[in-house]
Amino acid sequence: DTGVSQDPRHKITKRGQNVTFRCDPISEHNRLYWYRQTLGQGPEFLTYFQNEAQLEKSRLLSDRFSAERPKGSFSTLEIQRTEQGDSAMYLCASSLATGSNYGYTFGSGTRLTVV
Amino acid sequence: AQSVTQLDSHVSVSEGTPVLLRCNYSSSYSPSLFWYVQHPNKGLQLLLKYTSAATLVKGINGFEAEFKKSETSFHLTKPSAHMSDAAEYFCVVRRGVLNNDMRFGAGTRLTVKP
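If you're wondering where the values come from, they're calculated on a predicted model, not measured in any experiment. (Residues numbered from 1 in each chain as written. Chains lettered and ligands numbered in written order. Predicted model: local features only at pLDDT ≥ 70, side-chain atom pairs only at ≥ 80, totals over all residues. Heavy atoms only, no water.)

Draft legend 1. Inspection of the overall build of chain B at higher detail. Across its full length, chain B carries zero helices and 12 strands. Tracing chain B from N to C terminus, the helices and strands come up as β-β-β-β-β-β-β-β-β-β-β-β. For chain B, whose C-alpha radius of gyration is 13 Å, the value lies close to the compact-globule estimate of 13 Å for 114 residues. The 114 residues of chain B split such that 45% are buried. When contacts within chain B are restricted to residue pairs at least 6 apart in sequence, those whose partners lie at least 24 apart make up 55%. Within chain B, the 8 negative side-chain charges are centred at a point lying 5 Å from the centre of the 12 positive side-chain charges. (Helix = DSSP H or I, 4+ residues; strand = E, 2+ residues; numbered from the N terminus. Rg over C-alpha atoms; globule rule 2.2 N^0.38 Å. Buried < 20%, exposed > 50% of the residue type's maximum accessible area, 1.4 Å probe, protein only. Contact = heavy atoms within 4.5 Å. Lys, Arg positive; Asp, Glu negative; His and termini not counted. Charge placed at Lys NZ, Arg CZ, Asp CG, Glu CD.)

Draft legend 2. Spatial organisation of unusual backbone geometry. A:Pro8 follows A:Asp7 through a cis peptide bond whose omega is -5 degrees. On the secondary structure map, A:Pro8 appears in the loop between strand S1 (5-7) and strand S2 (10-13). Positive phi, close to 50 degrees, is recorded for A:Arg81, a residue that is not glycine. Relative to the elements of secondary structure, A:Arg81 occurs in the loop between strand S8 (75-79) and strand S9 (88-95). Not every positive phi belongs to a glycine, and B:Asn61 is a case in point at roughly 60 degrees. With respect to the helices, strands and loops of the structure, B:Asn61 is situated in the loop between strand S7 (56-58) and strand S8 (64-68).

Draft legend 3. How the structure looks around the pairing of strand S4 (residues 23-26) of chain B. Residue and element names in this part refer to chain B. Side chains Cys23 and Tyr25 project from S4 onto a buried face, and the interleaved Asn24 and Ser26 project onto a face without burial. Pairing of strand S1 (residues 3-6) with S4, which is carried by four bridges, proceeds in the antiparallel orientation. Residue pairing across strands places Thr5 opposite Asn24, the latter belonging to S4. (Pairing = 2+ DSSP bridges.)

Draft legend 4. Spatial organisation of the side chain of B:Ser73. Mapped onto the elements of the fold, B:Ser73 is located in strand S9 (residues 73-78). Exposure remark for B:Ser73: the relative accessible area of 2% places this residue in the buried category.

Draft legend 5. Molecular detail of the state of the cysteines. Applying the stated criterion across every chain yields a total of two disulfides over all chains. Put simply, A:Cys23 and A:Cys92 are joined by a disulfide, and their sulfur atoms are 1.8 Å apart. Because the torsion about its S-S bond is -70 degrees, the bridge between A:Cys23 and A:Cys92 counts as left-handed. One end of the pair, A:Cys23, is in strand S3 (residues 19-24); the other, A:Cys92, is in strand S9, and 69 residues separate them in sequence. Residue A:Cys92 is classed as buried on the basis of its relative accessible area of 0%. The side chain of B:Cys23 participates in a disulfide bridge whose partner is B:Cys91; the two sulfur atoms lie 2.0 Å from each other. Judged by the torsion about the S-S bond (-70 degrees), the B:Cys23/B:Cys91 disulfide is left-handed. Placement of the pair is B:Cys23 in strand S4 and B:Cys91 in strand S10 (residues 87-94), with a sequence separation of 68 residues. On the basis of relative accessible area, B:Cys91 is assigned to the buried category, the value being 0%. (Disulfide = S-S within 2.5 Å.)

Draft legend 6. Main features of the packing of aromatic side chains. Applying the stated rule across the entire model yields 18 aromatic pairs over all chains. Each ring, one from A:Tyr35 and one from A:Phe45, has its centre 5.8 Å from the other, and the planes form 75 degrees; the classification is edge-to-face. Linking A:Tyr35 in strand S4 (residues 31-37) with A:Phe45 in strand S5 (residues 44-50), this pair joins segments that are 10 residues apart in sequence. Assigned by exposure class, A:Tyr35 and A:Phe45 land together as buried. A connected cluster of aromatic rings, assembled from ring pairs, spans A:Tyr33, A:Tyr35, A:Phe45, A:Tyr48, A:Tyr104, A:Phe106, B:Phe34, B:Tyr36, B:Phe90 and B:Phe104. The side chain of A:Arg22 reaches across the aromatic face of A:Phe74, ending 3.9 Å from its centre. (Phe/Tyr/Trp six-rings, centres within 6.5 Å; stacked < 30°, edge-to-face > 60°. Lys NZ or Arg CZ within 6 Å of the ring centre and 35° of its normal.)

Have a look at this one:
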């Protein structure tokens, strides 16, 4: 499979619990992005990595959110002390860094439901 | 700051009739613009992209979009709608060449009636 993989596809958690999502990008892509999409809205940028370096974080990424890409390959997004407002689809995408001609390849997302 | 506005949250057409999904952009310099499609329970798929080459861009599945600087628009069109085109469509602007992250519009839901 040469696409972007996300795991799990669905996650239901109780409020206050911690959750972690994983993203495996296309192997030759050195940039990896996390987006959040709520119902009826377009995806909103959260953060991105170039290789293992986290280069930018949106103000949407509160202190309860942390993302890592330890070896410049897969990435994890952790949400601590989940709140009902965290319920959303979390999308991962990857791309090449060079030039402006590259679109992203998106994964199918992880749907989080906080009850 | 770069941003896009999708002018219609919902468009409904009959099968076989033309499709027009409208997008206006705001950018302090020549932007890179994209259209993505999202089918239910599927990932986002790139339809087409404009990156300062030809202003009329052809994409997959018969879609095309025209970059009009004077109107700051990047509308998506298709001559004849098919039932399989029913989906959510997002107009997207790349924030910057160096930063590379994308900003999505709110989306337009396309319904195709038989």
